Number of protein chains: 2
Amino acid sequence: VYYSKILCCSQAVENTAMDNVATERRAEESHRQDSADLLIFIMLLTLTILTIWLFKHRRFRFLHETGLAMIYGLLVGVILRFGVHVPRNTNNVTMSCSVNASPATLLVNVSGRFYEYTLKGEVSTVKGPEVQDDEMLRKVTFDPEVFFNILLPPIIFYAGYSLKRRHFFRNLGSILAYAFMGTVISCFVIGLVMYGCVSLMKTVGQLGGDFFFTDCLLFGAIVSATDPITVLAIFNELKVDVDLYALMFGESVLNDAVAIVLSSSIGAYQPAGDNSHTFDATALIKSFGVFLGVFSGSFALGVATGVMTFTKLRDFPLLETALFFLMSWSTFLLAEACEMTGVVAVLFCGMTQAHYTYNNLSPDSQNRTKQLFELLNFLAENFIFSYMGLTLFTFQSHVFNPMFIIGSFISIFLGRAANIYPLSFLLNLGRKNKIGSNFQHVMMFAGLRGAMTFALSIRDTATYARRMMFSTTLLIVFLTVWVCGGGTTPVLSFMSIRVGVDSDQDNSVNGIQRRDTEHERAWPFRMWYNFDHTYLKPLLTHSGPPLTATLPACCGHLAHCLTSPQAYENEGRLHNDDSDDLVLNDGNATMYEDVTVSTDALGTRTANPKHSRMPAFGEHELVVRGTCLVMQLDDPTMSTPPPATSPPPFSDPFVDPFSEPRRNRL
Amino acid sequence: VYYSKILCCSQAVENTAMDNVATERRAEESHRQDSADLLIFIMLLTLTILTIWLFKHRRFRFLHETGLAMIYGLLVGVILRFGVHVPRNTNNVTMSCSVNASPATLLVNVSGRFYEYTLKGEVSTVKGPEVQDDEMLRKVTFDPEVFFNILLPPIIFYAGYSLKRRHFFRNLGSILAYAFMGTVISCFVIGLVMYGCVSLMKTVGQLGGDFFFTDCLLFGAIVSATDPITVLAIFNELKVDVDLYALMFGESVLNDAVAIVLSSSIGAYQPAGDNSHTFDATALIKSFGVFLGVFSGSFALGVATGVMTFTKLRDFPLLETALFFLMSWSTFLLAEACEMTGVVAVLFCGMTQAHYTYNNLSPDSQNRTKQLFELLNFLAENFIFSYMGLTLFTFQSHVFNPMFIIGSFISIFLGRAANIYPLSFLLNLGRKNKIGSNFQHVMMFAGLRGAMTFALSIRDTATYARRMMFSTTLLIVFLTVWVCGGGTTPVLSFMSIRVGVDSDQDNSVNGIQRRDTEHERAWPFRMWYNFDHTYLKPLLTHSGPPLTATLPACCGHLAHCLTSPQAYENEGRLHNDDSDDLVLNDGNATMYEDVTVSTDALGTRTANPKHSRMPAFGEHELVVRGTCLVMQLDDPTMSTPPPATSPPPFSDPFVDPFSEPRRNRL
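All values reported here derive from a predicted model rather than from experimental measurement.

Enquirer: What's the story with the overall build of chain A in this structure? I'm lost.
Expert: Broken down by element type, chain A carries 25 helices and four strands. Scored against the burial criterion, the 666 residues of chain A give a buried share of 60%. Excluding contacts between residues fewer than 6 apart, the proportion of contacts in chain A whose partners are at least 24 apart in sequence is 82%. Roughly 25600 Å² of accessible area belongs to chain A as shown, and the carbon and sulfur atoms make up 65% of that amount.

Enquirer: I would appreciate a short explanation of the packing of helix 6 (residues 172-204) of chain A against helix 7 (residues 213-223) of chain A in the present structure.
Expert: The axes of two packed helices give the description: the angle between them and the distance between them. Residues and elements named next belong to chain A. Between helix 6 and helix 7, the shortest axis-to-axis distance is 7 Å and the interhelical angle comes to 135°. Comparing their axes, helix 7 and helix 6 come out oblique. Seen along the crossing, helix 6 lies across helix 7 with a hand that is right-handed. Only Phe213, Cys216, Leu217, Phe219, Gly220, Ala221 and Val223 of helix 7 make contact with helix 6, whose side of the interface consists of Cys187, Phe188, Ile190, Gly191, Leu192, Met194, Tyr195 and Val198.

Enquirer: Please clarify how the nonpolar core should be interpreted in this entry.
Expert: Note that soluble globular proteins tend to have their nonpolar side chains buried in a common cluster. Grouped together as the largest cluster of nonpolar side chains are 287 residues, with contacts concentrated most on Phe235 and Leu244 of chain A together with Phe235 and Leu244 of chain B. Those residues in contact with Leu244 of chain A, other than ones at most four positions away along the chain, are Phe235, Phe439, Val442, Met443, Leu492 and Ile497 of chain A.

Enquirer: Looking at this model, I keep getting lost on the pattern of salt bridges. Mind explaining?
Expert: When the charged atoms of two side chains lie near each other, side chains of opposite charge can form a pair. Tallied over the full model, the rule gives eight salt bridges over all chains. When the shortest N-O distance is used, the salt bridge between Asp364 of chain A and Arg368 of chain A registers 3.6 Å. On the criterion of helical spacing, the pair formed by Asp364 of chain A and Arg368 of chain A is a turn pair, its members being four residues apart in helix 13 (residues 363-394). For the salt bridge of Glu374 of chain A with Arg368 of chain B, the shortest nitrogen-to-oxygen distance reads 3.3 Å. With one member in each of two chains, Glu374 of chain A in helix 13 and Arg368 of chain B in helix 13 (residues 363-394) form a pair that bridges those chains. Given the relative accessible area of 3%, Glu374 of chain A is considered buried. Connected via shared salt-bridge partners are Asp364 and Arg368 of chain A together with Glu374 of chain B.

Enquirer: Would you mind going over the side chain of Asn438 of chain A with me for this structure?
Expert: Residue and element names in this part refer to chain A. Relative to the helices and strands, Asn438 is located in helix 15 (residues 437-445). You can call Asn438 buried: its relative accessible area is 14%. Here Met495 takes part through its backbone oxygen, which lies 3.3 Å from a polar atom of the side chain of Asn438.

Enquirer: Sorry, what's going on with the packing of aromatic side chains here?
Expert: With the rule as written, the count across this model stands at 56 aromatic pairs over all chains. Between Phe157 of chain A and Tyr161 of chain A the ring centres are 5.4 Å apart and the planes differ by 25°, which places this aromatic pair in the stacked class. With Phe157 of chain A and Tyr161 of chain A both in helix 4 (residues 145-161) and four residues apart, the pair spans about one turn of that helix. The class for Phe157 of chain A is buried, based on a relative accessible area of 2%. A relative accessible area of 1% places Tyr161 of chain A in the buried class. Here Arg459 of chain B stacks its cationic end above the ring of Phe148 of chain B, 3.9 Å away from the centre of that ring.

Enquirer: Looking at this model, I keep getting lost on the state of the cysteines. Mind explaining?
Expert: A disulfide bridge is the covalent bond that connects two cysteines by way of their sulfur atoms. Scanning the entire structure with this criterion turns up zero disulfides over all chains. The structure places no disulfide on Cys187 of chain A, whose sulfur is separated from the nearest cysteine sulfur, that of Cys216 of chain A, by 11 Å. This cysteine, Cys349 of chain B, is not joined by any disulfide, and Cys338 of chain B carries the nearest cysteine sulfur, 14 Å off. According to the relative accessible area criterion, Cys349 of chain B is buried, its value standing at 0%.

Enquirer: Is there a simple way to explain a nonpolar patch on the surface in this structure?
Expert: Residue and element names in this part refer to chain A. A contiguous nonpolar patch, built from Ile406, Ile410, Phe413 and Leu414 and spanning about 400 Å² of accessible area, is present on the exposed surface. Structurally, Ile406 is set in helix 14 (residues 402-430). Overall, Ile406 belongs to the exposed group, its relative accessible area being 53%.

Enquirer: Sorry, what's going on with the confidence of the model for chain A here?
Expert: Predicted coordinates in areas of low pLDDT are best not read in detail. All names here are of chain A. Summary statistics for chain A give a mean pLDDT of 71 and a share of 62% for residues scoring 70 or more. Contacts of residues 1-16 to residues separated by more than four positions or lying in other chains number 38 contacts, the stretch itself having pLDDT below 50. Contacts from residues 505-520, a stretch scored under 50 in pLDDT, to residues over four places away or in other chains number 48 contacts. On the interface metric, ipTM, the complex scores 0.73, and its pTM is 0.75.

Enquirer: Before we go on, may I ask you to explain the environment of Glu237 of chain A in this structure?
Expert: Mapped onto the fold, Glu237 of chain A is located in helix 8 (residues 230-238). For the pair Glu237 of chain A and Gly415 of chain A, spaced 178 residues apart in sequence, the C-alpha to C-alpha distance is 28 Å.

Enquirer: Sorry, what's going on with the environment of Ser424 of chain B here?
Expert: Residue and element names in this part refer to chain B. Along the chain, Ser424 falls in helix 14 (residues 402-430). Residue contacts for Ser424: discarding those within four places in its chain leaves Tyr178 and Gln440. Polar side-chain contacts of Ser424 include one of 2.6 Å to the backbone oxygen of Ile420.

Enquirer: What exactly am I supposed to notice about unusual backbone geometry here?
Expert: Note: most peptide bonds trans; most residues except glycine with negative phi. All names here are of chain A. Look at Ser496: it is not a glycine, yet its phi comes out positive at around 45°. Here Ser496 shows up in the loop between helix 17 (464-494) and helix 18 (517-520). The class of Ser496 is partly exposed, set by a relative accessible area of 45%.

Enquirer: Is there a simple way to think about the packing of helix 2 (residues 65-83) of chain B against helix 13 of chain B in this case?
Expert: Residue and element names in this part refer to chain B. The geometry of helix 2 relative to helix 13 is characterised by a closest axis approach of 6 Å and an angle of 40° between their N-to-C directions. Classified by the angle their axes make, helix 2 and helix 13 are oblique. Classified by chirality, the crossing of helix 13 by helix 2 is right-handed. Touching Glu65, Thr66, Ala69, Met70, Gly73, Leu74, Val76, Gly77, Val78, Leu80, Arg81 and Phe82 of helix 2 are Phe378, Glu381, Asn382, Phe385, Ser386, Met388, Gly389, Leu390, Leu392, Phe393 and Thr394, all from helix 13. Looking at the contact of helix 2 with helix 13 residue by residue, the classes come out as 13 nonpolar, seven polar and three charged.

Enquirer: Help me understand the environment of Ile155 of chain A, please; the structure alone is not making it clear to me.
Expert: Residues and elements named next belong to chain A. The topology assignment puts Ile155 in helix 4. Under the relative-accessibility criterion, Ile155 is labelled buried at 7%. Setting aside its immediate chain neighbours within four residues, Ile155 contacts Ile229, Asn377, Ala380, Glu381 and Ile384.

Calculation notes
Residues numbered from 1 in each chain as written. Chains lettered and ligands numbered in written order. Predicted model: local features only at pLDDT ≥ 70, side-chain atom pairs only at ≥ 80, totals over all residues. Heavy atoms only, no water. Helix = DSSP H or I, 4+ residues; strand = E, 2+ residues; numbered from the N terminus. Buried < 20%, exposed > 50% of the residue type's maximum accessible area, 1.4 Å probe, protein only. Contact = heavy atoms within 4.5 Å. Areas by Shrake-Rupley, 256 points an atom, 1.4 Å probe, with all protein chains shown as cover. Axes fitted to C-alpha atoms, helices over the stretch in contact; angles between N-to-C directions. Parallel < 35°, antiparallel > 145°, perpendicular 65-115°, else oblique. Left-handed = near helix turned anticlockwise from the far one by under 90°. Core = buried A, V, L, I, M, F, W, Y, C linked by side-chain atoms within 4.5 Å. Salt bridge = Lys/Arg side-chain N within 4 Å of Asp/Glu carboxyl O. Polar contact = N/O pair within 3.5 Å; in protein donor to acceptor, adjacent residues only side chain to side chain. Phe/Tyr/Trp six-rings, centres within 6.5 Å; stacked < 30°, edge-to-face > 60°. Lys NZ or Arg CZ within 6 Å of the ring centre and 35° of its normal. Disulfide = S-S within 2.5 Å. Patch = residues over 30% accessible without salt bridge, like charges linked within 9 Å, V, L, I, M, F, W, Y side chains within 5 Å. pLDDT = per-residue confidence, 0-100. Nonpolar A, V, L, I, M, F, W, Y, C, P; charged D, E, K, R; others polar.

Here you go:
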């Protein structure tokens, strides 16, 4: 920490008011230019929305909206690059001063007046300062932190908030295996293959700069994050098998979280091994510790704030929605301020809020929060994808190396294969409902890269290695989104995966064999479920049974204090509505379907008498076992049938108007 | 335009990787600090929301939420100022170089590597660079452009979108008089009084810097913008007389637009008179031209884009809402890019969209857009007000001058008086329904200053005069919000203004005498209404009568092309629902009540049989005349009574579930 005041050469110029005016003019001009640039993006989004509408209207399915957004971005990028040429803003001044590091803030003494400058970043040293020769292109290039701090959190939060919890928890073990072990395997496989590729390039003389082993590993971590957006929108529209959906969604959401923490752990490995860039066992252990610490810290933080935000402002939906929004955002900021990973915290915050807080909201706020986050997600998603298209032409320091690109495509193929097939084999040893080989092939094919990969790679483009990684990543995202995204529907039909599945019928025919209910709810899961239902739900929401009913008699006073009055009011109804949550129905999670899709998969608004009256045999058995478990635990009056009133929509705060039809009990 | 490359003194330092790492560390540290700072604001907002809830819950009314937000801001400001002391970030480097202007971008050559710096602004020259001694305080100070480009637009748009158009158009003449002439009068009165005050200060020796006449006028323009937020929330809650509400709301909304254009026109006056700072007739005319040009340009732009955005995406509410949001924002950006005033454009865009586009939206999107902009408005409003509180202690270059402060309080009192009383007198000469003296006193008292005044004054704090203006403005906002905002309820009862008025009963008893309907709808208004109803509504919305019915027969083919199929479908229903819009019911405008207020003023959800069956006499007469006017124009089948089906809520796209009960016809 040092404080240096450098007075190189001072020149007295008259501090006239005209100077003031000139500065103001320039600031105005710059502001006008900024507005015009932002307008380009808004127009791009508008165009995308209109085309999405046309596609939905005409029922085109060969190209998803994200692919579309990228194409528009590409077109605008081409126009900006070759069509418009705003000459260099010649007010740039280059100074060379005796500073031995670049400070975050710079005070420049211009003829007696001090101007404050903030560091924007390093400019490519390869081509020198002349590289930024087009003001327009420079202006449309965003600060990469924008992606991490503004655009990514709503997407990730929405993923957590809209998670279909029933199918997620049913396949939790497999999802965790794919997301954690699979991503780590993929990262190392890609890293090793790329290291081989880079070594080859070095001998051939194709490499124009340093590329260390840690860079290879970082590349592996960056491109290991699969994208939950494109494929799952298609899955959702086609009503693909629910277990496949749950596996893909769970993997790709957690994947992002693992990849982001993994890449920062590799960053932590770097400084110690900086001089040698060779293998270092202690640094590896340190990285592993960082990974565990950051991940569990972010997880704990997200869950803690997610649990904390149970609001009692039911009468004021505006205040409630605002509070909900602010708390989700503060989770992100809190995690960042604590040197954790905000994106991971926000993911688990979303999941916790969907599970607990959502039940406490008024129906109006449930609707508002759902719509708000849906909109934010939609805008952020389309913005990122169209920016990706744009940046292929407007980013001015691309390093495209054909060998590296070919190597990376081979490596991501191998990395994905090394993730899916061995893990599926191992998981199938333990699973009664096997993951069929057709499922494995689809998971292999549909592992496309998207927003997280882009955001991670654009974060730092200072060195040659980073720039080459960024350019290659961009190509990977384009090709996987267009080829894999567009090819998902044919592949599904080729692999004869069942489509058009109602989420109620979950004993699948093709991919996964009839499940054994006993095995599926293994004891850790059952224990957690019981604990959650008996203690956490009553404590944290208004919709559980009152604590006085679930806690032992000795804690009667305490239980009374902690139970909300509403819980008593709704005690009778709850046994019908809520006790089978997580086991039997999606509850509110079904609300978060893509409501813009007219062929809506799971959010069945109309009661389907076939399902509610005559469940399939395996289903039926499941219902009996599932509810028995609950019944024995909390209430002997369970067997009395509920009053057969069909609740009117939008009137009962505890009945989700969009949820699945209730099943009959025995 | 020049390009200078200055190589003062270069020093070769080894470009080690350690240097890289150190830079990264610093960037990380800075990012962490930013997150923590933003977290402070989020916590502040959360606290405010919780307290607002408490106040609403307990029905406290002596302090409005904006006043509350300011108090919390003050408290946190005190803590940050005196409690926390983060020592100066000593990485600031001061350079003095022979540059004769401050460039927007600076490339600094730090030992062979180029770093890009962007201009943040001028640092106070009075105390030199040492003034920013607390990193924390410096960090929580936002870029003033944030207020103009991010926080103000949603507030202003919401004001336009939620305007109660019936009462607004009825008092249009008076509102325009107060907003345009009144603001200009107020600006000049304040400017002159302040010039006297400043001259006095100069002779007494109290003035520490330059303060020109144009600065006085600018101060006048800045503090002439009255705030629509606080008082109107109280008016709304108390259900105050609708005409007083319309006058106050219309004035304060248009006021903001006038004040912002006025202040930029005064800026345009400045350069020419720069050397003398004396009166210059040509510059005055030029300023007047700028005022007219910018205002009418922004107006035209806002109306044009507001009209343009009629969407046909009814089946996809998410796309529709996203498009609506993007188009509103692009209006703002487009205006800024065209050197117009974005805030003014957004205001008129909101008003146009409420009048035309809103009718084309699906019911789901109507609800979504309403809730979205309500939330954005709420968050932006509370953020601005709590930031105001914070900035009193965290802004580090305050100039508090007791004489100037006293002078400014006297001047704003005189300016407001010179606006309201003479204009009311003149207006009463023409109005049949006079503006009573009690109304005038309330308008005088309730002219408090808020968000726009703050945003205008914080925009530029470079000179001594501007800093003194900013500090004084801050005090004016505080005092008017607390004293005038808090005192509104007592003043209303002291002035015996009718409260608890249903918006249907608009023949007021106290303030405004029984209206003469003929006079009220004078010929320009009537002509506009007919034109709007016959041509614009059918052309721009699905909800008007089809153009084939309104255009002459010779244009039959054209009319057929321009009419949407829905317009035909709804032809029959429209005569009941829509033809009396603007004259008889608020239509969708009543939807924009503060839905968080349980004692909701106008958005009566339950049908009130008294009003729908037996209107008061004056009301009745009005209904007859109003509808006759419409009836004669467009349809002879008018007299057949509508089918007496009560539409089910949320099912009929053209019936607003929150609107007032329909009146019976004769």
